[in-house]
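Inside the fold
Next come the chains, spelled out residue by residue.
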Amino acid sequence: MDSQLIYRISNFKLNNTEWLNSTYENGACLYIGCDNEINKQFVLDTIQQHFSKNNLYISRTRHNSKSVFKNDIENELTTILGVHDFSIWDNQFKKVIQFKKEGVMRCGICR
């Protein structure tokens, strides 16, 4: 799937996402840290638990979205985690983890 299509589907699906852990205090967002203090192990563990399939999509921009293997996700996150807003989707666009450059993430399921 090409970058622009991944990005367009991702933006469409985000509008129909039910966010898990939706408490009033954090609005479903979990703090993962900023700059050099990002809890990368927590992020990687959450990705492993949330996604059962090996094929994932990273949606960032129209030109920088791509397909990745779950085993390679750590390498992909090194340059974008805490720097860019992006989301990671399963290969059917049913499960998502959305990341914000402010140091928060949230998990969701799309219906």
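The preceding data block contains the structure.
Residues numbered from 1 in each chain as written. Predicted model: local features only at pLDDT ≥ 70, side-chain atom pairs only at ≥ 80, totals over all residues. Heavy atoms only, no water.

Remarks on helix H2 (residues 40–50)
Here H2 has its buried residues at Val43, Leu44, Thr46, Ile47 and His50. Relative to the axis of H2, the buried residues are bounded by an arc of 160° and lie together on one face. Buried positions along H2 lie against strand S3 (55–59), helix H3 (73–77), strand S5 (86–90), strand S6 (95–100) and strand S7 (104–110). (Buried < 20%, exposed > 50% of the residue type's maximum accessible area, 1.4 Å probe, protein only. Helix = DSSP H or I, 4+ residues; strand = E, 2+ residues; numbered from the N terminus. Arc of directions from axis to C-beta. Contact = heavy atoms within 4.5 Å.)

Observations concerning the nonpolar core
Grouped together as the largest cluster of nonpolar side chains are 19 residues, with contacts concentrated most on Ile47, Ile73, Leu77, Ile88 and Phe99. Core analysis: the next-biggest nonpolar cluster, separate from the first, contains nine residues, Ile6, Ala28, Phe93 and Val96 among them. (Core = buried A, V, L, I, M, F, W, Y, C linked by side-chain atoms within 4.5 Å.)

Side note on the side chain of Ser59
Tracing the backbone shows Ser59 in strand S3. On the basis of relative accessible area, Ser59 is assigned to the buried category, the value being 4%. Engagement of the side chain of Ser59 in a polar contact is seen with the side chain of Ser10, the distance being 3.3 Å. Those residues within four positions of Ser59 in sequence are excluded, and the remaining contacts are Ile6, Tyr7, Ser10, Ser65, Phe86, Ser87 and Trp89. (Polar contact = N/O pair within 3.5 Å; in protein donor to acceptor, adjacent residues only side chain to side chain.)

A few points about the pattern of salt bridges
Enumeration according to the criterion identifies one salt bridge in this entry. For Glu76, the salt bridge is made with Lys66, and the minimal N-O distance between the two is 2.8 Å. Residue Glu76 is found in helix H3, and its partner Lys66 is found in strand S4 (residues 66–69); the two are separated by ten residues along the sequence. Given the relative accessible area of 22%, Glu76 is considered partly exposed. (Salt bridge = Lys/Arg side-chain N within 4 Å of Asp/Glu carboxyl O.)

A closer look at the state of the cysteines
Under the criterion given, the structure shown has zero disulfides. For the unlinked cysteine Cys29, the closest cysteine sulfur is that of Cys107, found at 10 Å. Classification of Cys29 as partly exposed rests on a relative accessible area of 24%. Here Cys107 falls in the buried class, since its relative accessible area comes to 12%. (Disulfide = S-S within 2.5 Å.)

Things to note about the environment of Gly108
Relative to the helices and strands, Gly108 resides in strand S7. Gly108 sits in the buried class, given a relative accessible area of 0%. Counting along the chain gives 98 residues from Gly108 to Ser10, while the straight-line C-alpha distance between them is 12 Å.

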